[in-house]
Amino acid sequence: MTEASVFLKAMLIGLSIAAPVGPIGLLTIQRTLDRGMAMGLATGLGAAVADACYGAVGAFGVHWLIGTLQTLRLPLALGGGALLLWLAWRTWRAPLARSAAQAGAADLAGAFAGTVLLTLANPATILSFVAVFGALSGGLAVSVSPLTLIAGVLAGSTLWWLLLSAGVAASRQRFTDAWRRRINQVSALVLAGFAVWQGVLALRG
């Protein structure tokens, strides 16, 4: 495979893993509605960077790190679940913003860092990337750098979060206060549900 084809395949992997609506997608939508596109994009970019980190683990075949992550699945899942519950509580209690507030640098950095940690603590993300990249990197030509895989994943995931935050920001004015309140409440409940589900799976595993 050529560098270009590997990059495109990795980009599709990053896009397909980021696209399903999960806790990060809900946070991106909710934060874009309340705080504007920059805040939503910062949230999504945190997930993109975390995706690229796990892509690096799979691409380089870091076996000791893979084993360590699998050993730590339970504390990672419980820690991530606790963080999701806290985010659900904050989302439920957050007052409606009348207009998209301008997020400062500290707010953007906090949203980015929090999403990196949340995504890294998701065992499903770990297993998905290790499996997909382990299989894909096994068929690479010697001349193709694993960095091409990582760059592709980062590009695909970033593209999704850019499209999502831009789309939500563009349609923000169509949402009434009542609808935005319902979205916040549903987002909080679904985040809490993800937290419980993640914890149950970890304890069973």
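Going by the structure above, here's the rest.
A. Broad picture of the environment of L154. Here L154 is to be found in helix α8 (residues 146-170). Residues L154 and D51 lie 103 residues apart in sequence; the distance between their C-alpha atoms is 7.0 Å. Leave out the neighbours within four places in its chain, and L154 touches A48, V49 and A52.

B. Spatial organisation of the nonpolar core. Counting 18 residues, the largest nonpolar core has I24, L27, L84, L87, L118, W161 and L191 as its most contacted members. At the level of elements, α2 (23-35), α3 (37-60), α5 (73-93), α8 and α9 (177-204) are the ones that each hand at least two residues to this core. A per-element tally of this core places α9 first, with 4 residues.

C. Examining a nonpolar patch on the surface more closely. Taken together, V49, F112 and L154 make up a surface patch of nonpolar side chains, about 190 Å² in accessible area. Assignment of secondary structure puts F112 in helix α6 (residues 105-120). Classification of F112 as partly exposed rests on a relative accessible area of 31%.

The rules behind these values
Residues numbered from 1 in each chain as written. Predicted model: local features only at pLDDT ≥ 70, side-chain atom pairs only at ≥ 80, totals over all residues. Heavy atoms only, no water. Helix = DSSP H or I, 4+ residues; strand = E, 2+ residues; numbered from the N terminus. Contact = heavy atoms within 4.5 Å. Core = buried A, V, L, I, M, F, W, Y, C linked by side-chain atoms within 4.5 Å. Buried < 20%, exposed > 50% of the residue type's maximum accessible area, 1.4 Å probe, protein only. Patch = residues over 30% accessible without salt bridge, like charges linked within 9 Å, V, L, I, M, F, W, Y side chains within 5 Å. Areas by Shrake-Rupley, 256 points an atom, 1.4 Å probe, with all protein chains shown as cover. Salt bridge = Lys/Arg side-chain N within 4 Å of Asp/Glu carboxyl O.

Keep in mind these values describe shape, not function.
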